[in-house]
Every structure is written in structure tokens, then in C-alpha cells.
Amino acid sequence: MRWLLFTTLIPAALAAQPIPSPVDAVDPMIGTGGEGHTFPGATAPFGMVQLSPDTDTSCEIRACYGHAAGYRYEDPTIEGFSHTHFSGAGHSDLGDTLVMPEVGASVKLDPGDPKKPNSGYRSRFSHATEVAHPGYYAVTLADSGVRAELTAGTRIGVHRYTFPVEQAAHLVIDLRSSLYNYPGKILWAGLHLRPDGTLTGFRETRGWASGRKLFFAIRFSAPLTGHAFVDREINITYKGFQGPSRGSDDLAEKLGRALEARLDFGVLAKPLEVKVALSGVDEAAAVANLAEPGDFDAVRARTTAAWATALGAVQIDAPAPMRTSLYTALYHALLAPSVWSDADGRYRGPDDQVHQATGFTFRSTFSLWDTFRAEHPLLTLIQPASMTVDVIDSLVASREESPYGILPVWQFAGRETWTMIGYHAAPVIADAYLKGLRGFDADAALDAMVASATYAPYGGLGEYMKRGYVPIDKEPEAASKTVEYAYDDWSIARMARAMGRTEVADRFDKRAANWRNSFDAKTGWLRARLSTGAFRTPFDPAAIDYGSDYTEGNAWQYSWFVPQDEAGLITVLGGDAKAIAKLDAMFDFDTSKVDYSHSEDISGMIGQYIHGNEPSHHVAYLYDFAGAPWRTQARLAQIVASQYKPAPDGLAGNDDLGQMSAWLVFTALGFYPVAPGSNQYVIGRPFVDAATLTLPDGKRFVVRADGVTAANRYVASVTLNGAPLTRSYITDAQVRAGGELHFVMGPVPDKAWGSSVAARPFSMSRAATAGR
């Protein structure tokens, strides 16, 4: 009766409000401000095209950091709409084939000064006119009055421009525009107007990935009434522009390094649709990719349906702000690795040659130092198995086509950047294999992993193999490289042993213990060693990038990077109590007197815990390994509350191709893959009332949580399929079997739960002792 009375007090309008669908719950603006580096534009799940507005491409080299995705929420103008973007990268590039509509009798060919309205083709805009949904973006360009709408398919982007009545319509296509721009970046470009009105072209750039080639093909829903191809580098102009000219007014081709196209359409009676296809192979392949069917509305509907399927793999019940944050995180986690092969399966590989993908879709955009941690493990649970098989086939193919014969490190558009450290394709492959995913050549994959781990010229590996650690006087970032190599080695050993390749397993099991060789047990810190064997001095554990010993961090973060053997690390630190005290000291560190402004990636700080960068991402879960899961639960509440929110500045740091987002998705579900390859998830605490994962085979794994409130930050009890769960981890097999993980939350910690050694998650040294 009391319940009936309560329901009658709810306003009818509020009670009738439907819960937004997963697609409608996504806010692509999250992360476009602050240092999230995401873009708000249109793309399909893992699509080749990311069609999005660029608010500023005038920055040079490191000044481009804040505009790594092209769009920054704080900017007042839009320069144009380009077709390729990274989501949340810590480095800028792409921004290919920029298109901008113009109106009137005169056409501006330079973007102009954002502080001087109408000084170029860029336009002011208001966020009030923006609409952003998965697969759709729209904005009104205030200076021209043009309504711009964008959508995208797998290999195409489609623009729709509604021009003011009785205004002549034009497009400017600027092949000079690029993110991470500097003189000489554009090596060569071309434009070609075909007899049927299709515009094709290409551009080769020397940017983050040198020698990258991209081809495009464009069709228009209205015929051209005039055009001009302009090479701004040598000031040669055509068809109606002032300046010296070579060739006729009907020139249909142009090559150069600073090309632009002016396209005239006259006064249009209806909106202009512009369909753009990309290819890494050649212009003919881009034309073939234009065959992806449909006009603007059809493409938008198809992509919206694809997003509904992809996002619908996780059904989330949570308060509206958390639900928006989570579905947006899930959306960001489904943007990469992106499709790179054409509709016919061809693609341009690391050797700059064209190859044929047979039986799989070649994918690129691998930010592996970031994404091996949670992004790729998440995809194994919420995407069809074929997605991960595509990833592994693409990684192995890249190794076979690489001039160096090793797996990708940080690859995009088939090109290697050699950015970051480790050979983290190895745990991505091993994690998938150990979870039972098949459909790829496991022996070829393992051979590729071993080849990468034994390529002496890469990152001090020769010294590592000889000494058991990377010496700082021979190789920078030596402390970080030593422990990251050791983890990768462990993943190789795990896969090799599961395959029965004992010799490989034994060799890499020994290497997996190399983390001990750079850990100074006397001081309790991971430290860089010299080739003499001595630890380098002087030493300050709080110094970021101190002497290049560490990668984007310091000893506070990297001393915890032993995901394969946290129990061994705790023993070296002196036991549970000392490890817990050191973890608490990390979170409670007073940073008021330290200055990390010289390091771009240091953001989202809680003491020396730095959530805006990946080396810290597993640290809150390490209390579980020391028998204090309740401390993990409290720290996770602290992190989620301070590092995520449904706003443009809602990410504490770069999303890094989905890793920051995947961390939130796993954490909200109540568990996290601390050591991909262990087949275990460490229990934290949930941030949802309920969530249902539809697994690749159709089974469902349900998370339910009672009493999730800000005050109830601790797990009072937890059951798996109705039986009490007494250990602080669940296995991947238990998740894949389907069932229910049920939490009851409360305000008081249960300090006994998960405290016994037997209840703790996997560690290499303890597993060896236990014979498991």
C-alpha cells in the first residue's frame, strides 16, 4: 500500500518519460573539452571514416596537442569538416580532405584568422546549434548561414549542406589542411575531375607516420557549374582566379603540394549531398568504395542501426548521469581499431605495398601501449569473435609485411609510428587465445610474438636479453621498458604453454621474472640500472620523466607495474601491510609542491595516482592482491567521482583510443582485467544498478547491485549464480558461461572478505608455488 501511495506522487509527465535507448544515451561531446581529445563527428563502429569538424588546424608540432582530434569544445570557429580523426590520442595527425561550404559571389581560399570574422572560409558557430549522436553530427555555420549535417558508413562519409535561399553555393576542398601540421608535411597531392563529375584525388604526407598515402573519391547530388584547381605553393590559379595560369580553363587534373579545389553549384533548390569514399590503395579503389549504398538518410539510418546493435551488447540500468557516461564510454571503445582494407579486401601495408586480405578485414589504428590493458579485453566480451580474429590477423599480417619483421607498436593507416614502448600486441593475442578465441593461425601468431620479443635492435631488447634488464646508459626509459617487456614475455609464455610449445614457454617464463632485476628491494622502488649493474643516482621517485628513466611517469606509478606477479612484488615490498601503506601513500601524496606541467600526459592526479595516463590504471585494484579489497572499493569511488562526468571536459586525460573509456565500463560492472592473459577479472565494486552483457555466443552475464549510492561505497556481500563468492576475482570462463554476479552495497567495509591468500587473484610466483 505504501508503494502504491508513493507512485501516485510521481508527476505523470516524469513517470511517462522513457529511458533513452543506448544510442540516445551517448553524448559524443564528452571528452571534446579539457584533455580528452575526442571528436564529436560522425562515424560507424570501427569505421574507416571519422567525419568531424575541425576547429583549428593552424597549430604546429607540440602546440597541436590540445587539438589532437581536430575539434576542441572551447574554440569559437569551425575551419571545415575533414574525414579522418583519432579518438583521444596523445598525438595529433590525420584531418584529411577538409571540406567547407561557402556562399556568395566571392570564395575565400584560406581559413583566415579565428579572431577576425570573415577573414577566411572558417566560420563562427554556437554550441546551441550543434547536434551530435552516434553516426550523426550537425551544426549551423553562423557566418554563411549554411546548415551542415554529417553522417558516415564503413568507408564513406556523407555531407548534407542546406544553403541559404537564393545564395550561390560553393565548396572549398583544402588538401593543405592537416592536423599536426608543419612546413613540408604534404609531400604530394593530386586532384582529378572525371567526366562523370566524380572528383578523385590523393595526398601523401610526412607526419607522425611518414609516407602515409590516402586516396578519395567524391560525388555530388547536383552538377558542377564551375570549378578551379589551385596550387597555392607556386601561385598558379585556374578558372576565374587572378594570377598566372597554365593550361585551359577546363583543366581537370592538378598535381602539387598545396592544392585546393573550388567547386561551384550555383543556386540550389534543395540541400547538396556530398558522398566521400576513402582508400589507402588508389583512386580507383576509392571510387569502388563509393558503391556503399544509400543517400544521406539511408546511410544515417544504417549506421544508427549498427550503433544500436553494438551498444546494445551491454544493457545498463543506472542513474542518468552515470548511464550517459557509461554509454559514451562504450561508444568511444567501439571506434578503433578501424577498418583499413577496402571493400574488395585490398589495403596498403607497413611496407607501402598493396596487399589482399583474404577471409578477414584488415584493421589499423593500434594504440597498443594503451589498449592492451582494458580496451581489447572488453572487445572480446562485447563484440563478435570475428572482430578480435580480424585484429589478430591484421597484427600478424602487419608483422609479415613489416620491413623489420615485428608486430605493430603504434600503427595507423597501415603505417608504423614507433610511438611508446613494449611489444603489447603480444598480450592482445595471448589474452584472446587463452580465452578460447580461435579462427586465426595460432602458430604464426606465436612466432610473430617471439620475433617481436627477440628483435635486438628494438628498444634495447639486445641488452635486455643479455642482462635481464635494460640499462639506462644504453637505452632511454629503461626502467619502464624492463617491466613492460617482462609482462609481455609472461603473456608469450602463457600462450606457448597452452599450445604445448614448452621450449618457448620455459624461455619466456624466465624472462617474465626480469622485473626483479630493475626493482631495488632496499628502497622499494623500480629504478633504472646502469650497464655496470648499479642503480642510477641521484634518485627522486616523484620526478616525472626523471633522466628519461620512465615512460610518461615516475617511480610512483611504474613500481606497481608487475601485473603478472603482484604477489611477488608485495613480498619484495615486505608484505601486505607495507604494500597497503605504500598504496595509500601514493593516493595521499601531497603534490602541491611538485610541478608536472612539462609533461603533457600528466593529468587526473590523485596524489601520485595519475588516472589520465595508463600506467596507473590497474593500481587501485592492487589492494585486492594484498588482502584488502575494501580499500580498492573506496579508491574506485574516489576515482570515478573525480575523473569522469557527462560533460565536454568529462575525461581526466586522453581517451587513448578507448582505454580510458574501457576502464570505466569494466569498473562500473564491478571487475577489471588487471593482467590480460590471466583469464581473471579482479573484483572492485559496481557503479550500476544492473547491467546485462550479451556475449559473443549469445549467452548473457548479468551484474546486479543493491544499494548503489555515494554513501554505500563498500561491498557488503557478493554472490555468483546465487552462491557466495569468497574470493576477490572471477574467471573469464565464469563470465562466458553466463549467469549473475550480485552485489549488495553498504556504508561499512567488510575487512575480512577476500583477505585470505587463497582468495586473491592470480600472481605468477604464487601460481608456480601452488602448481597452478
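Model, not experiment: these values are computed from the prediction.

**Regarding helix α13 (residues 478-498)**
Okay, so step 1: With 21 residues, α13 extends 30 Å from end C-alpha to end C-alpha; this agrees with the ideal 30 Å at 1.5 Å per step.
Okay, so step 2: Burial of α13 is extensive: 18 of the 21 residues sit out of reach of the surface.
Okay, so step 3: Just downstream of α13, Gly500 is the residue with a positive phi angle, here 80°.

**Description of the sheet that holds strand β25 (residues 410-412)**
Okay, so step 1: Taken in spatial order, the three strands line up as β24-β25-β26 in an open sheet, and their pairing is antiparallel. A strand with exactly one partner marks an edge of an open sheet, and here the two such strands are β24 (366-367) and β26 (415-416).
Okay, so step 2: Sheet analysis places β25 next to β26, joined by two bridges and oriented antiparallel. Paired with Gln411 across the strands is Glu416, a residue of β26.

**Some words on the packing of aromatic side chains**
Okay, so step 1: Tallying each qualifying case throughout the model produces 39 aromatic pairs.
Okay, so step 2: For the pair Tyr487 and Phe561, a centre-to-centre distance of 6.0 Å together with 80° between the ring planes defines the contact as edge-to-face. In this pair, Tyr487 sits in helix α13 while Phe561 sits in the loop between α15 (555-558) and α16 (566-573), placing the two residues 74 residues apart along the sequence. In terms of burial, Tyr487 and Phe561 fall into one category: buried.
Okay, so step 3: Summarising the aromatic geometry, the rings of Tyr621 and Tyr672 are spaced 5.0 Å apart at their centres and angled 15° between planes, so their arrangement reads as stacked. Pair noted here: Tyr621 is in the loop between β30 (609-610) and α18 (629-643) and Tyr672 is in strand β31 (residues 671-672), with a separation of 51 residues, a long-range link.
Okay, so step 4: Overall, Tyr621 belongs to the buried group, its relative accessible area being 0%.
Okay, so step 5: Under the relative-accessibility criterion, Tyr672 is labelled buried at 1%.
Okay, so step 6: The rings of Tyr621, Tyr644, Trp663, Phe666, Phe671, Tyr672, Tyr681 and Phe701 are connected pair by pair, giving a single aromatic cluster.
Okay, so step 7: The side chain of Arg529 reaches across the aromatic face of Tyr469, ending 4.3 Å from its centre.

**Some remarks on the pattern of salt bridges**
Okay, so step 1: For the structure on display, the rule yields 45 salt bridges.
Okay, so step 2: Linking Glu35 and Arg72 is a salt bridge whose minimum nitrogen-to-oxygen distance equals 3.4 Å. Highlighted residues: Glu35 in the loop between α3 (22-25) and β1 (42-43) and Arg72 in the loop between β2 (50-54) and β3 (77-78), separated in sequence by 37 residues.
Okay, so step 3: Residue class for Glu35 comes out partly exposed when judged on its relative accessible area of 26%.
Okay, so step 4: Where Asp576 meets Arg760, a salt bridge forms, and the shortest distance between an N and an O atom there is 2.8 Å.

**A word on empty space enclosed by the protein**
Okay, so step 1: Per the stated rule, a full pass over the model turns up eleven cavities of 30 Å³ or more.
Okay, so step 2: Approximately 210 Å³ is the volume found for the largest cavity.
Okay, so step 3: If you trace the largest cavity, you find 21 residues lining it, with Met48, Gln50, Leu94, Ser338 and Thr365 closest to the centre.
Okay, so step 4: If you list the elements that add at least two residues to the lining of the largest cavity, you get β14 (210-220) and β20 (338-339).
Okay, so step 5: Its residues assigned to classes, the lining of the largest cavity shows twelve nonpolar, eight polar and one charged.
Okay, so step 6: As for the second largest cavity, its lining consists of Phe372, His376, Pro377, Leu379, Thr380, Met387, Thr388, Val391, Pro427, Val428, Asp431 and Pro676.
Okay, so step 7: For the lining of the second largest cavity, the elements supplying multiple residues, two or more each, are α8 (375-382), α9 (385-401) and α10 (425-434).
Okay, so step 8: Sorting elements by how many residues they give to the lining of the second largest cavity places α8 first, with four residues.
Okay, so step 9: In terms of residue class, the lining of the second largest cavity is built from eight nonpolar, three polar and one charged.

Cut-offs and rules
Residues numbered from 1 in each chain as written. Predicted model: local features only at pLDDT ≥ 70, side-chain atom pairs only at ≥ 80, totals over all residues. Heavy atoms only, no water. Helix = DSSP H or I, 4+ residues; strand = E, 2+ residues; numbered from the N terminus. Expected span 1.5 Å × (residues − 1). Buried < 20%, exposed > 50% of the residue type's maximum accessible area, 1.4 Å probe, protein only. Pairing = 2+ DSSP bridges. Phe/Tyr/Trp six-rings, centres within 6.5 Å; stacked < 30°, edge-to-face > 60°. Lys NZ or Arg CZ within 6 Å of the ring centre and 35° of its normal. Salt bridge = Lys/Arg side-chain N within 4 Å of Asp/Glu carboxyl O. 1 Å grid on protein atoms, 1.4 Å probe; cavity = no way out; pocket = protein on both sides within 12 Å on 5 of 7 lines; lining within 4 Å. Points joined across faces, edges and corners; volume = space filled by probe spheres on them. Nonpolar A, V, L, I, M, F, W, Y, C, P; charged D, E, K, R; others polar.

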